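# An overview of the molecular structure
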Amino acid sequence: MSETLANLLNETRQFPPSAELAANANVKEDAYAQGREDRLAFWETQARRLTWAKEWDQALDWSNPPFAKWFVGGQLNVAYNCLDRHVEEGRGSKVAINWVGEPGDTRCLTYADLHRLTCQAANTLASLGVRAGDRVAIYLPMIPEAVVAMLACARIGATHSVVFGGFSVDALASRIQDADAKVVITSDGGYRRGKPSALKPTVDEAVDRCPGVEHVLVVRRTGEDVAWRDDRDKWWHETVEQASTEHAAQPFDAEHPLYILYTSGTTGKPKGILHTSGGYLTQASWTFHAVFDHKPDTDVYWCTADIGWVTGHSYIVYGPLSNGATQVMYEGTPDTPHKGRFWEIVQEYGVSILYTAPTLIRTMMKWGDDIPAQYDLSSLRVLGSVGEPINPEAWMWYRQNIGRGETPVVDTWWQTETGAIMISPLPGVTATKPGSAMTPLPGIAADVVDDQGNSVPDGGGGYLVLREPWPSMLRTIWGDDQRFIETYWSRFQNMYFAGDGAKRDADGHIWLLGRVDDVMLVSGHNISTTEVESALVSHPKVAEAAVVGATDPTTGQAIVAFTILRGSVPEDEASGEALVKELRDHVAKTLGPIAKPRQIMVVPELPKTRSGKIMRRLLRDVAENRSMGDVTTLQDSTVMDLIAGGMQSAK
Ligand code: ATP
Ligand code: MG
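Residues numbered from 1 in each chain as written. Chains lettered and ligands numbered in written order. Predicted model: local features only at pLDDT ≥ 70, side-chain atom pairs only at ≥ 80, totals over all residues. Heavy atoms only, no water.

## Structural notes on the overall build of the protein
Across its full length, the protein holds 21 helices and 30 strands. Over its C-alpha trace the protein gives a radius of gyration of 24 Å, about what one expects of a compact globule, namely 26 Å for 651 residues. When the backbone C-alpha atoms are referred to their principal axes, the protein occupies close to 70 × 60 × 50 Å. Scored against the burial criterion, the 651 residues of the protein give a buried share of 64%. For the protein, the proportion of contacts with a sequence separation of at least 24, taken over those separated by at least 6, is 71%. Entry remark: accessible area of the protein is about 22800 Å², with carbon and sulfur atoms responsible for 47%. (Helix = DSSP H or I, 4+ residues; strand = E, 2+ residues; numbered from the N terminus. Rg over C-alpha atoms; globule rule 2.2 N^0.38 Å. Buried < 20%, exposed > 50% of the residue type's maximum accessible area, 1.4 Å probe, protein only. Contact = heavy atoms within 4.5 Å. Areas by Shrake-Rupley, 256 points an atom, 1.4 Å probe, with all protein chains shown as cover.)

## A short note on the site of ligand 1
Lining the immediate environment of ligand 1, one finds 20 residues, of which T263, T266, T267, T416 and R515 sit closest. Between G387 and ligand 1, the recorded distance is 3.1 Å, taken from a backbone N or O atom to a nitrogen atom. Here a nitrogen atom of ligand 1 sits 2.7 Å away from a polar atom, N or O, in the side chain of D411. If ligand 1 stood free it would expose 640 Å²; the protein chains cover 95% of that surface. Looking at the shell around ligand 1 residue by residue, the classes come out as 4 nonpolar, 9 polar and 7 charged. (Near = heavy atom within 4 Å. Polar contact = N/O pair within 3.5 Å; in protein donor to acceptor, adjacent residues only side chain to side chain. Nonpolar A, V, L, I, M, F, W, Y, C, P; charged D, E, K, R; others polar.)

## Focus on the nonpolar core
Counting 109 residues, the largest nonpolar core has I185, F292, I307 and Y318 as its most contacted members. Residue contributions to this core peak at 10 residues, all from helix 6 (residues 144-156). In contact with F292, other than residues within four places in its own chain, are T287, Y301, Y315, I353, Y355, R381, V382, G384, V410, I421 and P427. Listed in part, the 54 residues of the second largest apolar core include L536, V537, I559 and L591. (Core = buried A, V, L, I, M, F, W, Y, C linked by side-chain atoms within 4.5 Å.)

## Observations concerning the confidence of the model for the protein
Chain-level pLDDT for the protein is 95 on average; 99% of the residues reach the 70-or-more range. For this predicted complex, the interface confidence reaches an ipTM of 0.99, while the overall pTM sits at 0.96. (pLDDT = per-residue confidence, 0-100.)

## Observations concerning the state of the cysteines
Applying the stated rule across the entire model yields 0 disulfides. In this model C153 remains outside any disulfide bridge; the closest cysteine sulfur is found in C82, 13 Å from its own. Looking at C153, the relative accessible area reads 0%, which means it is buried. Free of any disulfide, C303 has its nearest cysteine sulfur in C82, 15 Å distant. (Disulfide = S-S within 2.5 Å.)

## With respect to the environment of V291
Following the sequence through the fold, V291 ends up in helix 10 (residues 278-291). Owing to a relative accessible area of 0%, V291 belongs among the buried residues under this scheme. Separated by 119 residues in sequence, V291 and V410 place their C-alpha atoms 7.4 Å apart. In this view, V291 contacts V382, V410, T412, I421, S424, P425, L426, P427 and L441; residues no more than four positions away in its chain are not counted.

## Quick look at the side chain of S424
Looking at the secondary structure, you find S424 in the loop between strand 20 (409-411) and strand 21 (446-449). Each residue touching S424, except ones within four places of it in the same chain, is listed here: V291, V410, D411, T412, A437, T439 and L441.

## Description of the packing of helix 13 (residues 358-367) against helix 15 (residues 392-402)
Running from N to C, helix 13 and helix 15 cross one another at 75 degrees; their axes reach a closest spacing of 10 Å. Looking at the two axes, helix 13 sits roughly perpendicular to helix 15. The residues of helix 15 that touch helix 13, namely those facing I361, R362, M364 and M365, are E393, A394, W397 and Y398. (Axes fitted to C-alpha atoms, helices over the stretch in contact; angles between N-to-C directions. Parallel < 35°, antiparallel > 145°, perpendicular 65-115°, else oblique.)

Now the structure itself:
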């Protein structure tokens, strides 16, 4: 990318918080000044929201950058902060998790229940020889035991490595090997799209390649038959559920490793991100309190992410539980048994804070407004989005159709590497703009810079960077300090390079513009994928779009777009030339002729990672007629055949 990204999209709608929300907000305007005046003091204040066994001597040791140490000398137990202190303070009977299985079975776990189970799991892991510092791999569906397993590791100081339950043998084996895990926690299976989906066979095959694994702990969820190795496999219900419920949580150093988590793999080979304890929990906990304006006595929170992604780690486990939240956890897919399932759950449990991903919002748009309209969504008061840039029209749809046109939408930018939310509106403070993540949170030094690392002026675009260390930052890439330095700290001096493009609008607000690797260079102009996609999605017939730059003899690169139409568009219209022309003209009108796509393909699906992010590099391969790169993190590999087939016939 040369100096700046073109700034094409002009969004003028703005939504201030209601007076009531503003008056009762957990975090108010003054927090920004506190963060600016004394960043470290600000984070020390937030760290004091936790219970420490020993207070730290130094807030930040940055004497050996980029290797940060936060709350040096402090000691705490992460699981104690998520469970014991709530029980000790008389909140043991409060519901922690209202769990909904895909087939419709439910479980309700209080903080006391979760505490008891976690103590039992901690005792079991210890009896299997797991010690502080050992790694444990967790490969589970979205069942409460996944939360318990993570907290049990945290409790005994073992480092968990959660692997998304949809991953293949290869992906699981390589992650177990990379972390050298001693124990794997899994289940017979889980429910997916109306039927049991086995997990244990994948573990069996993976563990055959991992001689370091001594035990496999198996939760019974589906009751299907599983192969068994007596010397290695243990049932959860015969061990954990029989173990002592007494377990004293011992404090660990603030910098004690908490978990390894591999990035989604949108851009290539996943990186094993290492997070530690005190700083991570401080920021995960405070951002949950601040960004969702969470009120422990009245709110019911639901994050639809899988526990296998960082969103699940920070905003299903560590953020909500350290705040004593009551949350919903759902095992299955949004369209099983019907397309209103999410809204049925919101209605049933009175969900007040919902945190989901743009991919889901766009899918709901495609399915049609009439589906959410059938449910009572009046309990909702804050809506969140994470994972990809949210197109302004998808943001508006979310606010109008899910949030009654009233609730704030917080678009939260962060990464596996950042550990917690970094750029986001605050619901009681920020006048939001559809499609913008708006403002770095208090205590966060995010900036948009040009090629030379200079801040771009308002109205300019460039690279998103972080100028100062933050408490929940990754500490390294597991086992590969050199890759850590090269990937994040070598592009600019003394700055963390996020790999995302961004612009600052005329008011200084930040808009994420997609991956730097995806930026298109058309006739000498850098054009962001996000802006062209958002222009397409702003057309009433389009639900979702992905654009890529394909080599072009005249313009260098030309824009090729793949679009999914809304369900309301009739079949004959969807396949017609007229619609393609209409869409090309619409983009040219919205963004200018430079952004007019050379080619638009109407497709049934887009290639996505398992966490729902569009994989543009594969579409680029299609658009340029290349054989496809690494597809191991792809959700559904048949999608690519469908798209590639359509591409051939369009030529
Ligand atoms: P990999 O690094 O392996 O390619 P990944 O970047 O998809 O995978 P994650 O850490 O899950 O893995 O995703 C973080 C990325 O997701 C960000 O760098 C950004 O590109 C995108 N992202 C997340 N939230 C937002 C948001 N609110 N707006 C725009 N982009 C977002
Ligand atoms: Mg990434």
